[in-house]
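Chain by chain, the residues:
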Amino acid sequence: MDTTVSSQVESVAWDLGDLYAGPDDPRLAADLADALEAAQQFDRQYRGKVAIAGGPSPELVASALAAMEGILERTGKASAYADLLHASDVTPAAHGALVAMTHEKGSAVRQALIFFELEWLALDDDAAQRVIDAPACQHYRHFLRSLRRYRPHVLTEPEEKILEDKANTGGRAFARLFDELVSSLVFEVESDGGVQRLNESEALALLYDHRRDVRRAAAAAITRTLQDNQLAIGFIFNTLTQDHAVDDRLRSFAGPMAARHLANEIDAPTVDALMRACESRHDLVHRYYRLKRRLLDLDTLVDFDRYAPLGPETTITSWDRCQEIVLTAYGAFAPRMREIAALFFERRWIDATIRPGKRGGAFSHSTVPSVHPYVLANYTGKLHDVMTIAHELGHGVHQYLSRPRGYLQADTPLTMAETASVFGEMLVFEQLLREVADAPTRLRLLCGKIEDTIATVFRQIALTRFEQRLHDARRNEGELSRERICTLWQGINAALYGDAVTLTDDYRWWWSYIPHFVHTPFYCYAYGFGELLVLALYETYRREGAVFVPKYLELLAAGGSETPSTLLRPLGVDITDPGFWHLGLEPLDNMVRQAEALAG
Ligand SMILES: [Zn+2]
């Protein structure tokens, strides 16, 4: 570890030449033009050939899908290049214009192809099954089958059209009102005798401040502003939960969560097993926050203390050292993982330098199967940044390995999307724990990982449970008072935090700013699913050792070519078994125990 991180990371910029030579590369315009022409050709060749009596020949379906992938590759490559160029510098207007242009052309092409999927859906079950089972369609089996899962929930074309038209002034309008309202809110935080006028993310960021009075003032300001806007927010929540109920009734979904489960390719008993397993181990959350209260030297840990830092960070890790740590950790697991991760550094598939105009945060973009993923990060040398690089390279390795599955089946459903990233983080986390000798840094590392896990697993499951109660209450009790929503929220959180965290009366209102509830009902459990799945896989690896490795690499290479439960079966995993999810809580139990021991 050294302190010259900025000079060492200056030159870490990616080379997008594997996509195009530049925004003016004639191959980019040619790909878009070719794709549109090929889409028109596709229309002439396949329209009216799928939804026919007796069904289409499997060979025709297979060659149509191969053609479709070829077309989508070309538009996907152009828009991936535009996205990455724009992310590396958002300032030039030409970069934004290229994004808009490639996305518009891409969506025109996708619209021209959509008839094929609609015809496939219109086909009766027996005819479709014959195609799915045919050897010619072996490669596309999952794609074909998973498209069909929406068939029982699709309405007639005129009905769909009306719903789509009215959604812009219905549900979508209320969601937009929520966004515009929340982003216009001003939070007046009193500090040092003055008043700071902040936006939502600035106010929330103060909850991470080391000064308790700053955290308390920020929490009070957040509560005040949320309360002041309850007329609109409460109305939006009531309207959108009822809108969801209407959708479920029209589309014959069995309950509030059924549509999300279908999209996630997960069944209700699996999610139920996951949620119950988490809720039976709230003692881990309680133990951790009792420890944190002790480390912060507080009499009581209040809700606004949950994110308080445990002291200033002193170590800086150079970029070269970060690379070495990640590659060593990946290599100790599997030489193949190290080889692939090393490509990102050697071939400049990674952009790590902080520059003016560059997008914040970090991501791994899969681009298209015929090229390779690219990683963006903003590296400052903190331990958290090393974990971020481990995380994004996990995505990168996953995306790299699943390329042979092709454009339509390389990507996993949401629930599996974070598998390799979180697994990669665990490998690097363990590596760092082995390397770091001094107790305070080890304790900070452990606490950071535990807090991340609590936020991704327990909090997300609690959010889901609240949402479930909210939708059930709206369906059973009619329009809900704001006070009723607050009571549901506070009850769920009281169970989560027990007597380890004191929830103020103010905290009752803190459901009101969470965007997932408004935009994508029941999205949150996927975070918990992904994280706990990985912890369970990691525990399996710890127990099985080397025999686990090839099975894990095969799982990554399978991409999204099967449902999660089928993909996981070769690893001896049954996700409907609550015992499996308890296995995932073991590593967390270990970490809490280690942190307790280090704290003495
Ligand atoms: Zn991720």
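Refer to the preceding data block for the structure.
Only a predicted model underlies this, so the values are computations on that prediction, with no experimental measurement involved.

**Student:** Got a minute to help me understand the overall build of the chain in this structure?
**Tutor:** Scanning the chain from terminus to terminus reveals 25 helices and five strands. Viewed in the frame of its principal axes, the chain has a C-alpha envelope of about 75 × 60 × 50 Å. A fraction of 77% describes how many contacts in the chain between residues 6 or more apart in sequence connect residues 24 or more apart. Entry remark: accessible area of the chain is about 25900 Å², with carbon and sulfur atoms responsible for 52%. Looking at charge distribution, the chain has the averaged site of its 63 positive side-chain charges lying 2 Å from that of its 83 negative ones.

**Student:** Would you mind showing me how to read the coordination of the zinc ion here?
**Tutor:** In a perfect tetrahedron of four donors around a metal, the angles come out at 109.5 degrees. In a perfect octahedron of six, they are 90 or 180 degrees. Only His391 (NE2), His395 (NE2), Glu418 (OE) and Glu418 (OE) from the protein reach the zinc ion as donors, at distances of 2.1 to 2.7 Å. If you look at the zinc ion, its four donor atoms make angles of 51 to 139° with each other, and the shape they trace is irregular. Spacing between the donor residues of the zinc ion along the chain follows H-x3-H-x22-E. Of this pair, His391 sits in helix α17 (residues 383-401) while Glu418 sits in the loop between α17 and α18 (419-435), and the two are 27 residues apart along the sequence.

**Student:** Where do I start with the packing of helix α8 (residues 171-184) against helix α11 (residues 230-250) in this structure?
**Tutor:** Packed helices, taken two at a time, are described by their axes: the angle between them and the distance between them. Relative to each other, α8 and α11 sit at 150°, their axes nearing to 10 Å. Between α8 and α11, the interaxial angle falls into the category roughly antiparallel. Note on packing geometry: the crossing formed by α8 with α11 is left-handed. Between α8 and α11, the residues in contact are Gly171, Phe174, Ala175, Leu177, Phe178 and Leu181 and Ala232, Ile233, Phe235, Ile236, Phe237, Thr239, Leu240 and Asp243, respectively. In terms of residue class, the contact of α8 with α11 is built from 11 nonpolar, two polar and one charged.

**Student:** Before we go on, may I ask you to explain the pattern of salt bridges in this structure?
**Tutor:** Charged atoms that come close allow side chains of opposite charge to pair. With the rule as written, the count across this model stands at 34 salt bridges. In this structure, Arg355 engages Asp351 in a salt bridge whose closest nitrogen and oxygen atoms are separated by 3.1 Å. Relative accessible area serves as the criterion here: at 28%, Arg355 is assigned to the partly exposed category. Relative accessible area serves as the criterion here: at 1%, Asp351 is assigned to the buried category. The shortest N-O distance in the salt bridge between Glu477 and Arg484 comes to 2.8 Å. Residue classification places Glu477 among the partly exposed residues on the basis of a relative accessible area of 44%. Classification of Arg484 by relative accessible area gives partly exposed; the value is 30%.

**Student:** Would you mind showing me how to read α11 here?
**Tutor:** An α-helix turns once per 3.6 residues; consequently, residues spaced three or four apart project the same way. With 21 residues, α11 should cover 30 Å at 1.5 Å per step; its first-to-last C-alpha distance of 30 Å lies within 8% of that length. The secondary structure elements touched by the buried residues of α11 are α8, α10 (212-228), α12 (258-264), α19 (439-477), α20 (482-497) and α21 (515-519). After α11 finishes, the residue Ser252 shows a positive phi value of roughly 55°.

**Student:** So what exactly am I meant to see when it comes to the packing of aromatic side chains here?
**Tutor:** The final tally for this structure, using the stated rule, is 36 aromatic pairs. Taking 5.0 Å as the distance between ring centres and 75° as the angle between the ring planes, the aromatic pair formed by Trp319 and Tyr379 counts as edge-to-face. Placement of the pair is Trp319 in helix α15 (residues 319-333) and Tyr379 in the loop between β5 (374-376) and α17, with a sequence separation of 60 residues. On the accessibility criterion, Tyr379 (4% relative accessible area) is buried. Ring pairs connect the aromatic residues Phe178, Phe237, Phe466, Trp489, Tyr507, Trp510, Trp511, Tyr513 and Phe517, which therefore count as one cluster. Directly above the ring of Phe115 sits Arg47, whose terminal nitrogen or CZ lies 4.5 Å from the centroid. Sitting over the face of the ring of Tyr20, Lys77 holds its NZ or CZ atom 5.1 Å from the ring centroid.

**Student:** Honestly, the pairing of strand β1 (residues 187-191) in this entry has me stumped. Any pointers?
**Tutor:** With burial as the criterion, only one face of β1 is covered, namely that bearing Phe187, Val189 and Ser191; the residues Glu188 and Glu190 on the opposite face remain uncovered. Summarising the sheet, β1 and strand β2 (residues 194-198) pair through five bridges and their orientation is antiparallel. Across the sheet, residue Ser191 finds its bridge partner in β2, namely Gly194. Linking β1 back to β2 in an antiparallel pair, the connection comprises two residues, with Asp192 at a positive phi of about 45°.

**Student:** How do you make sense of the nonpolar core when you look at a structure like this?
**Tutor:** Within soluble globular proteins, side chains that are nonpolar tend to cluster in buried spots. Counting residues in hydrophobic clusters, the biggest one holds 165 residues, and the most contacted among them are Phe333, Phe423, Val428, Phe458, Tyr552 and Trp581. Residue contributions to this core peak at 14 residues, all from α19. When neighbours within four sequence positions are excluded, Trp581 is seen to be in contact with Thr270, Ala273, Leu274, Ala277, Phe529, Leu532, Leu533 and Ile575. In terms of nonpolar packing, the next biggest core, distinct from the first, is built from 29 residues, Tyr46, Leu113, Leu123 and Leu144 among them.

**Student:** Explain the sheet that holds strand β3 (residues 350-351) here, please?
**Tutor:** Sheet strands pair via backbone hydrogen bonds, and the direction of the pair is either parallel or antiparallel. The strand order across the open sheet built from three strands is β3-β5-β4, with neighbouring strands paired in mixed fashion. Whereas interior strands pair on both sides, the edge strands pair on one side only; in this sheet they are β3 and β4 (363-365). Where β3 lies against β5, two bridges are found, and the strand directions are parallel. Looking at the pairing, Asp351 lines up with Leu376 of β5.

**Student:** Could you clarify how one ought to interpret the packing of helix α4 (residues 93-122) against helix α6 (residues 141-148) in this entry?
**Tutor:** Viewed as axis vectors pointing N to C, α4 and α6 meet at an angle of 70°, and their least axial separation amounts to 9 Å. Taken together, the axes of α4 and α6 are roughly perpendicular relative to one another. On α6, the residues that touch Glu117, Trp120 and Leu121 of α4 are Phe143, Leu144, Leu147 and Arg148. For the contact of α4 with α6, a count of residues per class yields five nonpolar, no polar and two charged.

**Student:** Can you help me understand unusual backbone geometry in this one?
**Tutor:** What you tend to see is this: most non-glycine residues have negative phi, and most peptide bonds are trans. Phi angles above zero are rare outside glycine, and Ser252 is one such case at about 55°. Along the chain, Ser252 turns up in the loop between α11 and α12. Phi at Glu265 is positive, roughly 55°, even though this residue is not glycine. Secondary-structure assignment places Glu265 in the loop between α12 and α13 (268-279).

**Student:** Can you help me understand the side chain of Asp385 in this one?
**Tutor:** Tracing the chain through its elements places Asp385 in helix α17. Filtering out sequence-adjacent residues up to four positions away, Asp385 remains in contact with Asn378, Tyr379 and Thr380.

**Student:** I would appreciate a short explanation of the environment of Gln227 in the present structure.
**Tutor:** Its location among the elements puts Gln227 in helix α10. Classification of Gln227 as partly exposed rests on a relative accessible area of 38%. In this structure the C-alpha to C-alpha distance between Gln227 and Arg482, which are 255 residues apart in sequence, comes to 9.7 Å.

**Student:** Would you mind going over the environment of Val549 with me for this structure?
**Tutor:** Within the element layout of this structure, Val549 appears in helix α23 (residues 548-557). C-alpha of Val549 to C-alpha of Ala334: the two residues are 215 residues apart in sequence and 6.8 Å apart in space. Apart from residues no more than four positions distant in its own chain, Val549 is found in contact with Phe333, Ala334 and Tyr541.

**Student:** Where do I start with α17 in this structure?
**Tutor:** The first and last C-alpha atoms of α17 sit 27 Å apart over 19 residues, in line with the 27 Å expected at 1.5 Å per residue. The element α17 is extensively covered by neighbouring structure, given that 18 of its 19 residues are classed as buried.

Conventions adopted
Residues numbered from 1 in each chain as written. Predicted model: local features only at pLDDT ≥ 70, side-chain atom pairs only at ≥ 80, totals over all residues. Heavy atoms only, no water. Helix = DSSP H or I, 4+ residues; strand = E, 2+ residues; numbered from the N terminus. Contact = heavy atoms within 4.5 Å. Areas by Shrake-Rupley, 256 points an atom, 1.4 Å probe, with all protein chains shown as cover. Lys, Arg positive; Asp, Glu negative; His and termini not counted. Charge placed at Lys NZ, Arg CZ, Asp CG, Glu CD. Donors = N, O, S within 2.8 Å, 3.2 Å for Na, K, Ca; no water. Tetrahedral: all angles 85-135°; square planar, octahedral: opposite > 155°, others 65-115°. Axes fitted to C-alpha atoms, helices over the stretch in contact; angles between N-to-C directions. Parallel < 35°, antiparallel > 145°, perpendicular 65-115°, else oblique. Left-handed = near helix turned anticlockwise from the far one by under 90°. Nonpolar A, V, L, I, M, F, W, Y, C, P; charged D, E, K, R; others polar. Salt bridge = Lys/Arg side-chain N within 4 Å of Asp/Glu carboxyl O. Buried < 20%, exposed > 50% of the residue type's maximum accessible area, 1.4 Å probe, protein only. Expected span 1.5 Å × (residues − 1). Phe/Tyr/Trp six-rings, centres within 6.5 Å; stacked < 30°, edge-to-face > 60°. Lys NZ or Arg CZ within 6 Å of the ring centre and 35° of its normal. Pairing = 2+ DSSP bridges. Core = buried A, V, L, I, M, F, W, Y, C linked by side-chain atoms within 4.5 Å.

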